[in-house]
Number of protein chains: 2
Amino acid sequence: MLSSPSRSYGTTPRINGQRMMDSIHTTCEKWGQAHRYGQHHTETGMARLALDDNDAHVRRWFAEQAEALGCTVTVDQVGNQFAIRPGSVNTDASGKKVAPTFMGSHLDTQATGGRYDGILGVLAGLEALRTIDEQRIETEGPIGLVNWTNEEGARFPLITMASGVWAGVTPLETAWNTTETPAAAAIYGNSEKPATVKDELQRIGFLGDTPATHTAMPMAAHFELHIEQGPILETEQRKIGVVEGAQGYAWYEVTVRGRDAHAGTTPLHTRKDALLAAAQMIVAGNDVALSESASTPDQKGVVTTGVISALPGTPNTIPHTAQFTLDIRHPRPARLAAMVDACRSQFAAIAAKTTGIEVDWKCLSDNAPAIFHPDCVAAVQAAAEEEVETVTTREGATQQGWRRMWSGAGHDSCNVSKHYPASMIFAVTRDGLSHTPVEYCSPENCIVGAQVLLGAVLRFDAKRDL
Amino acid sequence: MLSSPSRSYGTTPRINGQRMMDSIHTTCEKWGQAHRYGQHHTETGMARLALDDNDAHVRRWFAEQAEALGCTVTVDQVGNQFAIRPGSVNTDASGKKVAPTFMGSHLDTQATGGRYDGILGVLAGLEALRTIDEQRIETEGPIGLVNWTNEEGARFPLITMASGVWAGVTPLETAWNTTETPAAAAIYGNSEKPATVKDELQRIGFLGDTPATHTAMPMAAHFELHIEQGPILETEQRKIGVVEGAQGYAWYEVTVRGRDAHAGTTPLHTRKDALLAAAQMIVAGNDVALSESASTPDQKGVVTTGVISALPGTPNTIPHTAQFTLDIRHPRPARLAAMVDACRSQFAAIAAKTTGIEVDWKCLSDNAPAIFHPDCVAAVQAAAEEEVETVTTREGATQQGWRRMWSGAGHDSCNVSKHYPASMIFAVTRDGLSHTPVEYCSPENCIVGAQVLLGAVLRFDAKRDL
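Quantities reported herein were computed from a predicted structural model and do not represent experimental measurements.

## Observations regarding the pattern of salt bridges
Residue and element names in this part refer to chain A.
So, step 1. What the rule picks out here adds up to 36 salt bridges over all chains.
So, step 2. With a shortest N-O distance of 2.9 Å, E134 and R19 are connected by a salt bridge. Linking E134 in helix α3 (residues 119–134) with R19 in helix α1 (residues 17–30), this pair joins segments that are 115 residues apart in sequence.
So, step 3. A salt bridge links E29 to R115, with the shortest nitrogen-to-oxygen separation between them at 3.0 Å. Here E29, found in helix α1, pairs with R115, found in the loop between β5 (101–105) and α3; they are 86 residues apart in sequence, far enough to count as distant.
So, step 4. For R115, a relative accessible area of 1% gives the class buried.
So, step 5. A cluster of three or more residues bridged by salt bridges with shared partners is formed by D53, R155, E180, E200 and R203.

This is how it looks when you write it as structure tokens:
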């Protein structure tokens, strides 16, 4: 695809940064803003859970905006929205459609999420399309922008769900039948009959006809602008992360079974307390991460428990069952496996201390590290060099304004990279915080990120030999 | 009240044990049976949560049965049902009603409860009334039987709720406004608008007019048959516990606040993980109990966490908030206070290890030990001596068939004892287990317990000088 000799590339056109920031904030304020934390109108977080009414509204808005720029918008069987703007060459010699160079991310958020994770990537892509349209840029091939469904897995607990279906990682039926969490069901008044993904796709009118597969919707490449969600760029006072890949992660649901009994009358030595054992396991899981991170300081591993429950759930009954999630991550597959093994053996030892305590593991998701395509990484790096070759630090020194880095989080781009070239652009994240209402990326940092996104896409497109 | 010289007391009439066991099992099977664990028709647990439809059915049945025995049945403002059978003397010289000698317990259960906790006490009382009626026994004063509302606190998290209101421990409005737990709301399809106690009293027709106070419904005494819920009687091969009092207990809701952040991108040393801190606290609370129980082997303290939650509750977000309950018990008030203090200081130390982690305690219930009235304890002991003066052990030895003991659990009798004489009778509990479907008291042990209940009530009544 990139076999032709590189052609020269001029200057990337300037996006309209104000227009992009206005689009981010007006859509957040209309559809899903929540958790105010400051006085300024933009100082709220978001709760725009996948396929809820707010998500439906912003999806319709997205399609209207893209169509106004001359894009065709296709919706597939899991609700992914693909907007495509024609280029100079849109079919090959045999009449087959030319795969577009895509940008993309997601418009859904966590229940206590922010205004930037996912949203920045889609709306920066929209601003790139607006700039291309406004400046009448004729691209070599078509340019696309995708809004992936349910990246967060917050309402329907299947992370990067719809890019996973498109990539063939997750069966369509599995995604369709995924049921909202009890917490989400309660929010939407569905506790009696929690909704499935398919129910909600139908309800909001986004159950498309196009097969949800990468062969039905091929890509020349996929570029995603995203907030870093970590502290590295901010700490090093750089502006852009050129992302080479994403660390692997595994999700487990751990179930501890004991025996319920009265809290007041059951002596300590006769208890089979499932929740006490679960608490010991959570502490042990953190110890595994601490020990990994101490022994390999440059390749840190993390272990997190985000969800926990105990049954029957009354103050004066020792729980018979406790259930919790483990999110285990490491950039190196062998160390990730070692961390999982360490947790398994420590949890087994905790269970073995009390006769009658049993522990079961269920794998919810197992993702090998993603290694991004060198051509895409090169395009991102060239665009970063154009925008922020150097920056001046607070101390007055001059240094390179970007760095190569790995992603700590999983992204839709990881699924895309299984089939097509992909890379990501990271923007500075205040205090390294995301998945929280106070998640923040300054307008300056959003705009420089969007500029690099456009530069990377146009560079990649310019090198196509169609 | 018992100032007159003791009159002689004959033999306690025999109850109809088969009829009592049939009443227990047919009412359980009609209204709330759940969690089958064996082949026999009685081998299920119960889920008859306070004020649900099953509770409503059994309440109406209870009133019908009592009325059929010539009782008047009064319902107070928190749904307590008081059935009263007249005696020889029902009013004093000034025309004032004579306070009945009451039996009582509760008909509600835990969500994963059994067929004996509470239910045995009420239906043994009903069998005592049936025996009195059938054998045309004319008691000195009236004899009463009370079904206390929401003893378990399983649906509406306020333990011994309605005896607490009656005793003036809990304001009526507090009880009325108590809202069902999220887990219970989900069961009843009320997640969008969880029901309050008052809502449910109205819905099932048990919001009575009689003021819910001990002055409006006075008692000469209150006797409660209950399963021991502990292993002592079974281990010592005795049949009856003569209960002298109940250990104190305190319930707290502990809230740990940190900061939510992405599980994949947030280094361990920058986390403020509320759930990890909560897990460390639960382990520390158990350590406090272990240390207390090791240092004072005859006065064991216990600490239990039965309820836990974490927010926002997604696998890949470090929780910003974790909340859990603590149930702390000890027979001696000073040691109970010392255990609470030890937990407080250890939890504060855990929070202090991480800047930005905060811990708040809210007291849900604080119950001093209850010391039962010597006249009631004496009546129970005399009845126990009549029924099980000696038993033969498995080893063939002869030993006393009853023992004096303390209750590990709180009971409605503890609230009654704040105003009127009270005591309890404990029956053998298999493996010391209660608040679990496999909770079990054999027919033989239920019947001997009911026999002692009737003997204690008739003895106490016979000594009244009306």
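## Focus: the state of the cysteines
All names here are of chain A.
So, step 1. One pass over the structure, following the stated rule, counts zero disulfides over all chains.
So, step 2. With no disulfide of its own, C343 has C363 as its nearest cysteine by sulfur position, at a separation of 13 Å.
So, step 3. The exposure class of C343 is buried, given its relative accessible area of 0%.
So, step 4. Of all cysteine sulfurs in the structure, the one in C376 sits closest to C414, which takes part in no disulfide; the separation is 13 Å.

## A closer look at the packing of helix α9 (residues 274–295) of chain A against helix α9 (residues 274–295) of chain B
So, step 1. Contact geometry of α9(A) with α9(B) gives a least axis separation of 8 Å together with a crossing angle of 125°. Classified by the interaxial angle, the pair formed by α9(A) and α9(B) is oblique. Helix-helix and strand crossings are classified by hand; for α9(A) and α9(B) the assignment is left-handed. Residues L276(A), A279(A), Q280(A), I282(A), V283(A) and N286(A) of α9(A) form the contact with α9(B), whose participating residues are L276(B), A279(B), Q280(B), I282(B), V283(B) and N286(B).

## Considering the relation of the copies chain B and chain A
So, step 1. Expressed as a screw operation, the relation of chain B to chain A combines 0.1 Å of axial shift with a rotation of 179°, fitting to an RMSD of 0.2 Å. Both copies are brought into coincidence by an operation consistent with a two-fold rotation axis. Distance from the rotation axis, computed per C-alpha, reaches its smallest value in chain B at A279(B): 2.3 Å.
So, step 2. When you check the interface residues of chain B against chain A, 100% turn up at the interface there too, and the contact is symmetric in its surfaces.

## Details of the packing of helix α11 (residues 374–388) of chain B against helix α13 (residues 443–462) of chain B
Describing two packed helices takes the angle between their axes plus the distance from one axis to the other.
All names here are of chain B.
So, step 1. Look at α11 against α13: their axes get within 8 Å of each other, and the N-to-C directions meet at 130°. One finds that α11 runs oblique with respect to α13. Helix-helix and strand crossings are classified by hand; for α11 and α13 the assignment is right-handed. Across from D375, C376, A379, V380, A382, A383, A384, E386, E387 and V388 in α11, the residues of α13 making contact are V448, Q451, V452, G455, A456, R459 and F460.
So, step 2. Here the contact of α11 with α13 is built from residues that sort into eleven nonpolar, two polar and four charged.

## With respect to helix α3 (residues 119–134) of chain B
Residue and element names in this part refer to chain B.
So, step 1. The end-to-end C-alpha distance of α3 is 22 Å, a good match for the 22 Å that 16 residues give at a rise of 1.5 Å each.
So, step 2. Burial runs high along α3: 14 of the 16 residues are buried.
So, step 3. Positive phi appears at R136, one or two residues downstream of α3, with a value of about 50°.

## A few points about the domain arrangement of chain A
Accessible area lost when the parts come together is the quantity often used to give the size of an interface.
Residue and element names in this part refer to chain A.
So, step 1. Each domain of chain A was delimited in the assignment, giving domain 1 (17–246 + 369–462) and domain 2 (248–367).
So, step 2. At the interface, eight residues of domain 1 touch eight residues of domain 2.
So, step 3. Surface buried jointly by domain 1 and domain 2 totals about 660 Å² across both partners, of which 62% is contributed by carbon and sulfur atoms.
So, step 4. Run the count over domain 1 and domain 2 and you get zero salt bridges.
So, step 5. Our enumeration of links across domain 1 and domain 2 arrives at one residue pair in polar contact (both at pLDDT 80 or more).

Thresholds, definitions, all that
Residues numbered from 1 in each chain as written. Chains lettered and ligands numbered in written order. Predicted model: local features only at pLDDT ≥ 70, side-chain atom pairs only at ≥ 80, totals over all residues. Heavy atoms only, no water. Salt bridge = Lys/Arg side-chain N within 4 Å of Asp/Glu carboxyl O. Helix = DSSP H or I, 4+ residues; strand = E, 2+ residues; numbered from the N terminus. Buried < 20%, exposed > 50% of the residue type's maximum accessible area, 1.4 Å probe, protein only. Disulfide = S-S within 2.5 Å. Axes fitted to C-alpha atoms, helices over the stretch in contact; angles between N-to-C directions. Parallel < 35°, antiparallel > 145°, perpendicular 65-115°, else oblique. Left-handed = near helix turned anticlockwise from the far one by under 90°. Contact = heavy atoms within 4.5 Å. Least-squares fit on C-alpha atoms with pLDDT ≥ 70 in both. Nonpolar A, V, L, I, M, F, W, Y, C, P; charged D, E, K, R; others polar. Expected span 1.5 Å × (residues − 1). Domains from an automatic or database assignment. Buried area = accessible area lost by both parts, 1.4 Å probe. Polar contact = N/O pair within 3.5 Å; in protein donor to acceptor, adjacent residues only side chain to side chain.

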